[in-house]
Each structure stands twice: as structure tokens, then as C-alpha cells.
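Take a look at the letters that make up each chain.
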Amino acid sequence: MQQAGLTVHVDAGGNLVGRLEGATPGAAPIMTGSHTDTVFDGGRYDGIIGVLAGIEIAHTLTEHGVQLQHPFEVVDFLSEEPSDFGVSCVGSRAMVGLLSPEMLAQKSPAGQTLSEAIESVGGRPKELGRAIRGPGSVHSFIELHIEQGPVLEREQIPIGAVTDLVGIRRYRVVITGQADHSGTTPMDYRKDALLGASILIQATNAKARALNTDTAYVVSTVGYLTVLPNSSNAVPASVEMMLEVRSNRNSVLESYGDELFAQIHAEIAAEGLTLDASSVSYGEPALFHPAVVELIGDAATERGYVSLRMPSGAGHDAAYLSKIAPSGMVFIPCLNGRSHCPEESIEPEQLKKGLQVTLDSVLKLDTIAGFAE
Ligand code: GLV
Ligand code: MN
Ligand code: MN
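Procedures and definitions
- Within every chain, residues take consecutive numbers counted from 1 along the sequence as written.
- Written order decides the labels, with chains lettered from A and ligands numbered from 1.
- For this predicted model, a pLDDT threshold of at least 70 governs which residues receive local features, and a threshold of 80 or more governs which side-chain atom pairs are given and counted, while totals over whole chains, interfaces and linings are taken from all residues.
- Only heavy atoms go into the side-chain values, all of them from the structure, while hydrogens and water stay out.
- Between the rings of Phe, Tyr and Trp (Trp by its six-membered ring), a pair exists once the centres lie within 6.5 Å; its type follows the angle of the planes, with under 30 degrees stacked, over 60 edge-to-face, and the other angles tilted.
- Runs of E in the DSSP output that reach at least two residues are strands. Runs of H or I that reach at least four are helices, and both are numbered from the N terminus.
- Exposed residues in this analysis have more than 50% of their type's maximum accessible area, buried residues have under 20%, and partly exposed residues fall in between, with area computed by a 1.4 Å probe over protein chains only.
- The criterion for a residue being near a molecule or strand is simple. One of its heavy atoms has to lie within 4 Å of it.
- In the analysis that follows, any N or O atom pair within 3.5 Å is treated as a polar contact, provided that within protein one partner can donate a hydrogen and the other can accept it, and provided that, for residues neighboring in sequence, both atoms belong to side chains.
- Accessible surface is estimated by sampling points in the Shrake-Rupley manner with a 1.4 Å probe; for residues, cover comes only from the protein chains shown.
- The residue classification treats Ala, Val, Leu, Ile, Met, Phe, Trp, Tyr, Cys and Pro as nonpolar and Asp, Glu, Lys and Arg as charged. All others, Gly included, are polar.
- Metal coordination here is assigned from N, O and S atoms located within 2.8 Å of the ion, or within 3.2 Å for Na, K and Ca; omission of water means that sites may look incomplete.
- What a helix should span is 1.5 Å times the count of its residues minus one.
- Note on contacts: a residue pair is in contact if any heavy atoms of the two residues lie within 4.5 Å.
- Salt bridge, as applied in this entry: a Lys or Arg side-chain nitrogen positioned within 4 Å of an Asp or Glu carboxyl oxygen.

**A closer look at the packing of aromatic side chains**
According to the stated counting rule, one finds two aromatic pairs in the structure shown. Residues Phe77 and Phe141 carry aromatic rings whose centres are separated by 5.9 Å and whose planes lie at 65 degrees to one another, so their mutual orientation is edge-to-face. Linking Phe77 in strand E4 (residues 72-77) with Phe141 in strand E5 (residues 140-146), this pair joins segments that are 64 residues apart in sequence. Exposure remark for Phe141: the relative accessible area of 0% places this residue in the buried category. Measuring from ring centre to ring centre gives 5.5 Å for Tyr171 and Phe261, while their planes differ by 90 degrees; the resulting arrangement is edge-to-face. In this pair, Tyr171 is assigned in strand E7 (residues 167-176) and Phe261 in helix H7 (residues 250-270), connecting sequence segments 90 residues apart.

Structure, rendered in C-alpha cells:
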């Protein structure tokens, strides 16, 4: 960031922020960025290209002696992936004032609170009672990201102009049974917590499938489980898992967990098990500003690239920035639509096109004094 001419600091939320000053005194900054953390065994592009794109744009502006009217800020947002605390988009939530005291108190398996972790990377969690940036304090936000799905590649379209993002809700669920000898405990005498987990997993899969319609998108996943004692010759005593549900409908996210837990209650109890669930994070679906979506489409057209208006099933920092500033995202294709796995890959040419469109969009944003509501 410093080599690109940016002045760098870590904000109260632990975000790394680089800034180029603009020509108009007092103007709010145009912001870009994404995240450099990854899921376990994830790829090298999810998030990272959005941070590098911001730095490269700053380089390009500096090299060409171009000063924007607005300040230009590049942000590496803290911990966008769910991390050890079950909370995703930690830095972008903090930036807009949506990191709650309950989230800050979440503990990692090692017993560290999220608040302590933010402090350990140079943030100031005590200042997070209010937004680091309020509405109007950021002129606009744009994020370049890989699609993480198959649509652009299949349609052979180089640029996606993202219209909206799913909301994401996560629950921590603990199913408790009893550890017993796997050889001597007859099937009818067991309290097998992992059997309870499988009841929940089957039920959430069926429920999410049933809720999908032409306009409602619903997916649900149990991707994290801790089984105790996790021994091949002991009946599982407890399972802790994260249940995730994503939808473009807030009404689905509001009621999903309560409905699901009520639905399986009798079956869980019949196995001699108990189920405790708590909601650990909730991000509402987000709509991007139509003017920013259009401007990204125009920037693509002017470069001679076909673009597609599309929704996102992945969560992104831009969802939180859209709470305080007109926001948008540029998607580029990725190999076989794969992401959150080591096979994640892109071609340099695909990235170049995305970067050009992002740069041109920043230049277009700079000409806009204010956005209509
Ligand atoms: C972010 O990677 C997400 O979970 O969608
Ligand atoms: Mn990701
Ligand atoms: Mn990402």
C-alpha cells in the first residue's frame, strides 16, 4: 500500500486502510477493498484480488499523476470468513456499527474472545459501540471479487454487475447425549448425539429445498462439526455444529431456525437427546445501489465487454458497506465455478478485465457529486 502512495493505518475494527488524498477539500472517500483471510483449505483469489485491485488502482493513479476529486481508500477488511468465532465480515460490520457486544463476546475454541482477537491485531474494540464510518461519510464503495459460482464461465461472460446479496444466518447447535461403550451398549439403549446431528442435517436439507421458489433462493449447510469423544469405539456424547442458512428473503431467515428446531424436537427427544441452539450471526440480504450497478455495466460496455446483472449467493464486505454508502460489486468468472476449495483458479486475462472495469468505475464514481436516494 505504501509503495502505491497510500497512507496506511489500522482502524478500530482492525481493518487495514490505505488512503490517497483527493483534490476537493472535505469530500467523502470513494472506497474499495475486500479481504485477505481465507477459509481452511480455501483458494488464493476469494477476497485477495479485491484488495490487490485497490492497490493496483492506486498505483495506476499515482503512476499517471491522476488525482481524483474524492479521496480514494483501499481496505483489507478484517476476517470476512466465519473464522474461529462463527462471525463473518468482522471488519466490515465493525466499520458500519453492526458488530454487536454479543458478537464481540463470542469465543474461539481456544477460549479467546473476538474482542481480544481484534485488539491483538491492532484494533480498538472498546470504540466499537458506534460506527467507524456513518451514513454519508463514504462517497461510494466498489468491490472486485470472483463469482464463486458457475454462471459467468458457462455463459462466457467476462463481467458480472452484482444487483443483490443473500442474507446469512448462523446458529451454534449443541446436541447432547451420552458416551457409552460402542460394543456393549445395545442399539435401543443409546443416546447417540451424532445420530441427532444427522436428524438435523437431513431436516435442514429437506426444508431448504422445499422453500425454494422462482423468486426465493434458500440454501442451508452444516459444514462444521465437533464430535466428542470422537472415538471409533464410543457412542458420541455431544456434537457442536454450525447451522448456516442463506436467503434473499429476510422473512425466511427470521423464522428458519425456530421452525426447524420445533420440527425435529420430538425426534431428537425420542433418541434421549437434548438440543440447544443460539443464533451467533445474522446479516440481512443487501441490495446494491441501482446507479452503481448501472455504472459498472456501462464501464464494461465501454471496454467492449459483455456484462450480466446477477445476484450473489456468497456474502461479501460490500453488503455491510451498502448500509452506509451507495455500493456495488464487479464479479469475474472462476474456473469451473469452484471456490472455498484449493482448486479455485482464474486466468490473468479474466482478472485484467475485472480490474479495468473496476478502475473505470472508480473514475466514473469520481464524477458523481451525490446520489439520488
Ligand atoms: C464468504 O465467503 C461467504 O461465506 O459467502
Ligand atoms: Mn469466502
Ligand atoms: Mn470473499
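Now that the structure has been shown, we can carry on.
**What about the site of ligand 1?**
Close contacts around ligand 1 come from Glu80, Glu81, Arg170, Arg246, Ala314, Gly315 and His340, and that covers them all. Side-chain polar atom of Glu81 to an oxygen atom of ligand 1: 2.9 Å apart, as the coordinates give it. Between ligand 1 and Gly315, the relevant distance is 2.7 Å, taken from an oxygen atom to a main-chain nitrogen or oxygen of the residue. Compared with its free state, where it exposes 190 Å², ligand 1 has 95% of that area covered by protein. Tallied by class, the residues present in the shell around ligand 1 amount to one nonpolar, two polar and four charged.

**A word on the coordination of the manganese ion (ligand 3)**
The manganese ion (ligand 3) binds to the protein through His35 (NE2), Asp46 (OD) and His145 (NE2), with metal-donor distances spanning 2.0 to 2.3 Å. Counting the intervening residues between successive donors of the manganese ion (ligand 3) yields the motif H-x10-D-x98-H. Between the two metal centres, the manganese ion (ligand 3) and the manganese ion (ligand 2), the spacing is 3.6 Å, with Asp46 acting as a shared donor. Linking Asp46 in the loop between strand E3 (30-35) and helix H1 (48-63) with His145 in strand E5, this pair joins segments that are 99 residues apart in sequence.

**Describing H7**
Taking 1.5 Å of rise per residue, the 21 residues of H7 would be expected to cover 30 Å, and the 32 Å separating its terminal C-alpha atoms lies within 8% of that figure. Taken as a whole, H7 has its buried residues at Val252, Leu253, Tyr256, Gly257, Leu260, Phe261, Ile264 and Ile268. Its buried side turned inward, H7 meets E7, helix H6 (193-211), strand E8 (218-228), strand E9 (238-247) and strand E10 (274-283). Downstream of H7 by a residue or two, Gly272 has a phi angle that is positive, lying close to 75 degrees.

**Observations regarding the pattern of salt bridges**
Pairing between side chains becomes possible if they bear opposite charge and their charged atoms approach one another. Counted under the stated rule, the structure contains 12 salt bridges. Between Arg172 and Glu240 there is a salt bridge, with its nearest N and O atoms 2.9 Å apart. Residue Arg172 is located in strand E7, and its partner Glu240 is located in strand E9; the two are separated by 68 residues in the primary sequence. The structure contains a network of salt bridges with shared partners spanning Arg19, Glu21, Glu73 and Arg133.

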